Amino acid sequence: MSLEELLNIKVSVASTEPERIIETPAIVSRYNAEDMAAMGLRTLKDLLSFIPGFVLQETRAGGTSIMIRGLVEGFNQKVLFLVDDIPYWMPAHSDIPLLGIPIESISHVEVIRGPGAVYYGSNASAGVIKVVTKKTSGNVVALSIGSNNLVNASAYIHHQLEEDLSLSFAIEARKDDGYSGGFEGVPKQPTFPADTPNDGEITKSEEMTSFLGRVTFNELNVLAQAYRSLNNDHTGSTPLNLATNLEYTGYLFHVDNSWHEGNADFMLFTDYNKFYLEFESRNLFSVGVDGGFRFDDNGEDNHRWRTGGTWNYSVSELLSFFGGMEFERRKIEDYYVYSEATNANVLKLIESNSTIERSIYGQADYKNGSWRFLLGGRYTNNDQSGEKLAPRASMVYKLDDAQSIKLLYSVGFNSPNFTQLFITIPNVLEGNPGLRPEIVKTTELSYSYEANDNLFVANIYYLQAEDFIQRGIQSGIIRFLNSGDFDRYGLELDFQRGTPDYLFFANSSYIHQGDDVDSNDVGAHFVPKITASIGCLYHLNQHHSSGVSLRATGRRNKVSDLYQLNLDYQYNREMLKLYFSIKNVLDEENIAPDVQDFEDDHLIPSGDGINVLAGVKYHF
């Protein structure tokens, strides 16, 4: 972007239209994919890990969990993931497609920490991640190779067929051999012999293929996405009870159409999202006897279908009203445990099930001079979880054209998913049909400054969780429960500076209850009290640039402080770009605590040592 564009960054994740960060009625962070890549953060997961208040780590099940303000669930049930403005998450487990969006299709990422906006329903209790894709010209193909025999190829193509008709698509494919990840203190089933080891290693690998396509014609927008990923492709022996060969399959198809009449804007939309997983479980039945988890009919009928509309009416320049309604049907097929030796289903874990969720939401937005007031709410009625009215209120006061103070209050309502409610493996895992939906209430006071090449946001928040949904091990059995109510509070700082010669980023997050032991707040002990990130991109001259990023994560449970340093060099000439990255320069041992079952002694590998990556991009 030009310097002028850098200093007038706008976001839309918390509003009906793009607006400056100092004006938007939420705490929003925005990071460009290219800026992060030039600092050595070349995947979506790397980019998200740089955001204040975010911690990404691997889980016992083999996936990646996202912790926001210390709120976390192994399959990301507390995070709402959006592709542009389209929710994308798994109806059975709630997981999200972190490997599903081709990296060259991503323009930037916007996040809200906390529930944030009336537009968003289930899964937004911890926060909202909006991946904004490219919609303009800028064709590129890229190829990179790296440590562990990594090979990654990607491309983005945009074509303007006519003045009002455009087509774009992006693809990506990745494969690597993985690294040897060491586990400690892996929980054992009660039936295992007492001398069964609970320490050991497996191969931690990652491969994926993904596609994203879009057609726009006037105000009609059609988006299609598909991906498959495979984590931890491990065939060696191990005495540990661990998930391997975790395979995700996802498809998304979305259509929306907008139009304008008088002082009102209207939009109708519908989308169909098929998304499921299957995986093997080593030593599931006994030591040396493996099994796995899969859906009937290969998961083909595990889907979410959503349809609805929105209406935005401007009474005047001072007052506007926004409203909308949604209807969503969620369905899963029968879920089984199968024997790895015979490939036959052994036990049905969940009966085929479905639910309907209906939502109505609205808000009034009033501006008067330096003041802006927003008041609204979202009413949700879920067949399985009941109904809830979640209010939202915001007050923004502009001290001048460069500064503002915000006072915000929002409530998140999050329904339990099918797995949390109904899964049953006798003496191993028990769902809880009596689970109540969780409520997260957040109050925030923020100061924002945007001028003189700088963007700075300081935010104090107070969070109250009610009927928080957690997973834990009791008497050797994994159970889902509504934990006790708890409070958290903290501070977040976010600074960005842009000049023609360099970009500088710095942020930090403080959670007062981090690494504390609390019987009501079970997860607090697994949360770092402090995280911080620093990054810089410097243009040495017209053709050469270098970047650096450092991420610090404070100690938590039995895991020490972690410092992850990345370096990057880029060479640009006309349409060609060459780059070389080194990740984890300090060769830190990246070990994470167990945020799936919250077992104190269980430590999980969450990243390799020093890694190198070299690549080339061709723009045309």
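As the structure is a prediction and not an experimental result, all values here were calculated from the model.

S.K.: Explain the sheet that holds strand β8 (residues 106–113) here, please?
M.R.: Taken in spatial order, the five strands make up an open sheet running β3-β8-β9-β6-β7, and their pairing is mixed. Each end of this open sheet is capped by a strand with a single partner; those strands are β3 (28–32) and β7 (86–87).

S.K.: For this particular structure, what's the right way to read a nonpolar patch on the surface?
M.R.: On the surface, a cluster of nonpolar side chains totalling about 820 Å² of accessible area is made up of V141, L143, I145, V151, M575, L576, L578, V616, Y618 and F620. At the level of elements, β10 (140–146), β39 (576–583) and β42 (611–619) are the ones that each hand at least two residues to the nonpolar patch. No other element matches β10, which puts three residues into the nonpolar patch. With respect to the helices, strands and loops of the structure, L143 is situated in strand β10.

S.K.: Would you take a moment to explain the side chain of S415 for this structure?
M.R.: Here S415 lies in the loop between β27 (403–414) and α4 (418–422). Given a relative accessible area of 4%, S415 falls into the buried group. Contact partners of S415, with chain neighbours within four places excluded, come to Q77, S122, E357, N382, S385 and P437.

S.K.: In this structure, what is going on with the pairing of strand β22 (residues 335–339)? I would like to understand it.
M.R.: In terms of burial, β22 is a largely internal element, five of the five residues being buried. Taking every second residue as pointing to the same face, both faces of β22 are buried, with Y335, V337 and S339 on one and Y336 and Y338 on the other. As paired elements, strand β19 (residues 289–295) and β22 share five bridges and run antiparallel to each other. By the bridge assignment, F295 is partnered in β22 with Y335. Two strands pair when backbone bridges link them, and β22 and strand β23 (residues 345–350) are joined in this way by four bridges, in the antiparallel orientation. Each residue of the ladder has a partner; that of Y338, found in β23, is N345.

S.K.: When you look at the environment of S519 in this model, what are you seeing that I'm missing?
M.R.: Note that S519 resides in the loop between β35 (502–511) and β36 (530–539). Among the residues examined, S519 registers a relative accessible area of 70% and is labelled exposed.

S.K.: Explanation requested: unusual backbone geometry in the structure shown.
M.R.: Glycine aside, negative phi is the norm for most residues, and most peptide bonds take the trans geometry. Residue N232 is not a glycine yet carries a positive backbone phi of 55 degrees. Structurally, the position occupied by N232 is in the loop between β16 (220–231) and β17 (243–261). Located in the positive-phi region is N298, a residue other than glycine, with phi close to 55 degrees. Residue classification places N298 among the exposed positions, given a relative accessible area of 54%.

S.K.: Would you explain the sheet that holds strand β32 (residues 469–474) in this entry?
M.R.: The strands making up a sheet associate through backbone hydrogen bonding, with each pair oriented either parallel or antiparallel. A sheet is described by the order of its strands in space; here four strands give the open sequence β28-β29-β33-β32, paired in mixed fashion. The sheet is open, and its two edges are formed by β28 (424–425) and β32, each paired on a single side. Judged from the two bridges that link them, β28 and strand β29 (residues 429–430) form a sheet pairing that is antiparallel. Looking at the pairing, I425 lines up with L429 of β29.

S.K.: Even after reading the chapter, I still don't get the pairing of strand β33 (residues 477–482), so can you show me in this structure?
M.R.: Along a regular strand, successive side chains alternate from one face of the sheet to the other. Bridge count between β29 and β33: two bridges; the pairing is parallel. Across the sheet, the residue bridging to L429 is I478, located in β33. Across six bridges, β32 lies against β33 in antiparallel orientation. When the sheet's bridge partners are listed, Q470 is paired in β33 with L481. The hairpin turn running from β32 into β33, its antiparallel successor, is two residues long, and S475 in that turn takes a positive phi close to 55 degrees.

S.K.: How should I be thinking about the packing of aromatic side chains in this particular structure?
M.R.: The way to describe two aromatic rings as a pair is by their centre distance and the angle between their planes. Counted by the stated rule, this structure contains 20 aromatic pairs. Between the aromatic rings of F279 and F293, the centroid separation amounts to 4.9 Å while the plane-to-plane angle is 25 degrees, which identifies the pairing as stacked. Of the two residues, F279 is situated in strand β18 (residues 264–286) and F293 in strand β19; the sequence distance between them amounts to 14 residues. The two residues F279 and F293 agree in class, both being buried. Relative to F486, the ring of F468 has its centre 5.2 Å away and its plane inclined at 80 degrees; by these criteria the two rings are edge-to-face. Separated by 18 residues along the polypeptide, F468 in the loop between β31 (454–466) and β32 and F486 in strand β34 (residues 486–498) bring together distant segments of the chain. Taken as a pair, F468 and F486 share a single burial class, namely buried. Each residue in the set Y88, Y227, Y248 and F275 is aromatic and connected to the rest through ring pairs, giving one cluster.

S.K.: I keep staring at the nonpolar core and nothing clicks. Help me out?
M.R.: Soluble globular proteins: nonpolar side chains tend toward being buried together. In this structure, L48, I66, F81, Y120 and I129 are the most contacted members of the largest nonpolar core, which totals 101 residues. Setting aside chain neighbours within four positions, we find I66 in contact with L48, F54, V55, L56, L71, V72, N76, V79, I96, L98 and I129. Counting six residues, the second largest nonpolar core, distinct from the first, contains F183, L240, L242 and I604.

Calculation rules
Residues numbered from 1 in each chain as written. Predicted model: local features only at pLDDT ≥ 70, side-chain atom pairs only at ≥ 80, totals over all residues. Heavy atoms only, no water. Pairing = 2+ DSSP bridges. Helix = DSSP H or I, 4+ residues; strand = E, 2+ residues; numbered from the N terminus. Patch = residues over 30% accessible without salt bridge, like charges linked within 9 Å, V, L, I, M, F, W, Y side chains within 5 Å. Areas by Shrake-Rupley, 256 points an atom, 1.4 Å probe, with all protein chains shown as cover. Salt bridge = Lys/Arg side-chain N within 4 Å of Asp/Glu carboxyl O. Buried < 20%, exposed > 50% of the residue type's maximum accessible area, 1.4 Å probe, protein only. Contact = heavy atoms within 4.5 Å. Phe/Tyr/Trp six-rings, centres within 6.5 Å; stacked < 30°, edge-to-face > 60°. Core = buried A, V, L, I, M, F, W, Y, C linked by side-chain atoms within 4.5 Å.

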